[in-house]
Amino acid sequence: MGFLILAIEMQAGDTAHFDAEVLLSLRSSADPDVPFGPFWLAGFARDVTSLGGTGVLLAMTLGAAGYLWVVGRPRAAGFVLLAVFGGQAISSLVKLGFNRPRPDLVLQGVETFTASFPSGHAMMSTVTYFTLAALFARDRQDRAAKAYILAVAAVLALAIGTSRVYLAVHWPTDVLAGWMLGGAWVLSCIVVTEWLRSRRANPPGREGDRPAPAPPPSPPGRTPGG
């Protein structure tokens, strides 16, 4: 729902002022083409943004799926592949549908080739890291370990999305939309998977398999056959 509201407002132009203000706030006041901060921060941002690139996410996805297959968990491997590649398909289709131009207010920090809305880096880092985090956190009994795994995924997704705005290759609303759509897709995959797991563990009983109803209790003071 949040994604749809944001998309409607973006298309209506209601987010243009917010996008420009946030993007320019991250640039040098003396030269808007220069990112705000020390000279090394732009290089660090490019390192962070690469963690959401197609090559890195593909390698992590295939590596995790292969490991799950080797240890005898083919369903989990299939879940990872379906969630990540399904998310990539959704991201590409939505980008084509909106076809929003990239920011042109300042010089971009890295080269880009696709449309701007939603941010593919923000969406796919959310999908990939949270899919893997949810899968491996599920096997942990310690709540602190579960929380740590999910927190690492959240920090990575937030840092990657923020780096896209800092490098001026996305409007802030592109990144917000990517986080929203990615989170919604991961949650949907988890809910469906848990539902299927529950049905496998507790299949609906057949009519002939149901136990016969217990006989009604005898009236007080009487015994059967008396």
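This text follows the structure it describes.
Overview of the structure. (Residues numbered from 1 in each chain as written. Predicted model: local features only at pLDDT ≥ 70, side-chain atom pairs only at ≥ 80, totals over all residues. Heavy atoms only, no water.)

The next subject is the overall build of the protein. Secondary structure summary: the protein contains eight helices and zero strands in total. Reading the protein from its N terminus to its C terminus gives the helix and strand order α-α-α-α-α-α-α-α. Expressed as a percentage of its 226 residues, the buried residues of the protein come to 35%. Pairs at least 24 residues apart make up 75% of the contacts formed inside the protein by residues separated by at least 6 positions. Carbon and sulfur atoms form 67% of the exposed surface of the protein, whose accessible area is close to 13500 Å². (Helix = DSSP H or I, 4+ residues; strand = E, 2+ residues; numbered from the N terminus. Buried < 20%, exposed > 50% of the residue type's maximum accessible area, 1.4 Å probe, protein only. Contact = heavy atoms within 4.5 Å. Areas by Shrake-Rupley, 256 points an atom, 1.4 Å probe, with all protein chains shown as cover.)

Among the nonpolar cores identified, the biggest contains 30 residues, and Phe-3, Leu-68, Val-80, Phe-117, Met-124 and Leu-135 are the most heavily contacted of them. At the level of elements, helix 1 (2-12), helix 4 (54-70), helix 5 (74-98), helix 6 (120-137), helix 7 (143-166) and helix 8 (172-201) are the ones that each hand at least two residues to this core. If near-sequence neighbours (up to four positions away) are discounted, Phe-3 is found in contact with Val-94, Phe-98, Phe-117, Pro-118, Ala-177, Met-180 and Leu-181. (Core = buried A, V, L, I, M, F, W, Y, C linked by side-chain atoms within 4.5 Å.)

Below, the discussion takes up a nonpolar patch on the surface. Where nonpolar side chains cluster on the molecular surface, the patch consists of Leu-58, Leu-62, Leu-81 and Phe-85 and spans about 320 Å² of accessible area. At the level of secondary structure, the elements contributing two or more residues to the nonpolar patch comprise helix 4 and helix 5. Looking at the element boundaries, Leu-81 is found in helix 5. (Patch = residues over 30% accessible without salt bridge, like charges linked within 9 Å, V, L, I, M, F, W, Y side chains within 5 Å. Salt bridge = Lys/Arg side-chain N within 4 Å of Asp/Glu carboxyl O.)

With that settled, the discussion passes to the environment of Ile-5. Along the polypeptide, Ile-5 turns up in helix 1. In this structure, the C-alpha to C-alpha distance between Ile-5 and Ala-177, residues 172 residues apart in sequence, is 9.8 Å.

At their nearest, the axes of helix 6 and helix 8 sit 7 Å apart, and the two run at 30 degrees to each other. With respect to helix 8, the axis of helix 6 lies roughly parallel. When you trace helix 6 past helix 8, the crossing you get is right-handed. Along its contact with helix 6, which presents Ala-122, Met-123, Thr-126, Val-127, Phe-130, Thr-131 and Ala-134, the element helix 8 presents Val-175, Gly-178, Trp-179, Leu-181, Gly-182, Gly-183, Trp-185, Val-186 and Ile-190. Each residue belonging to the contact of helix 6 with helix 8 can be placed in one class, and the counts come to 11 nonpolar, five polar and no charged. (Axes fitted to C-alpha atoms, helices over the stretch in contact; angles between N-to-C directions. Parallel < 35°, antiparallel > 145°, perpendicular 65-115°, else oblique. Left-handed = near helix turned anticlockwise from the far one by under 90°. Nonpolar A, V, L, I, M, F, W, Y, C, P; charged D, E, K, R; others polar.)

The contact between helix 6 and helix 7 brings their axes to 9 Å, and the two run at 175 degrees. In terms of axis orientation, helix 6 runs roughly antiparallel to helix 7. Touching His-121, Ala-122, Ser-125, Thr-126, Tyr-129, Phe-130, Ala-133, Ala-134, Phe-136 and Ala-137 of helix 6 are Lys-146, Ile-149, Leu-150, Ala-153, Ala-154, Leu-156, Ala-157, Ile-160, Gly-161 and Arg-164, all from helix 7. Grouping the amino acids of the contact of helix 6 with helix 7 by side-chain chemistry returns 14 nonpolar, four polar and two charged.

Attention now moves to the environment of Thr-61. Tracing the backbone shows Thr-61 in helix 4. When the C-alpha positions of Thr-61 and Ala-83 are compared, they lie 9.8 Å apart, and in sequence the two are 22 residues distant. Look past the residues within four positions of Thr-61 in its chain and what remains in contact with it is Val-80, Leu-81, Val-84, Phe-85 and Thr-128.

We now examine the side chain of Thr-173. When you line up the elements, Thr-173 lands in helix 8. A polar contact of 2.8 Å, which involves the side chain of Thr-173, links it to the side chain of Asp-19. With residues near it in sequence (within four places) discarded, Thr-173 still touches Leu-6, Thr-15, Phe-18, Asp-19, Arg-100 and Phe-117. (Polar contact = N/O pair within 3.5 Å; in protein donor to acceptor, adjacent residues only side chain to side chain.)

All chains considered together, the criterion is met by three salt bridges. Measuring nitrogen to oxygen at the nearest pair gives 3.3 Å for the salt bridge that ties Arg-138 to Glu-194. A residue pair is termed long-range when its members are at least 10 positions apart, and Arg-138 in the loop between helix 6 and helix 7 and Glu-194 in helix 8 qualify at 56 residues. Each of Asp-19, Arg-100 and Asp-174 takes part in a single network of salt bridges with overlapping partners.

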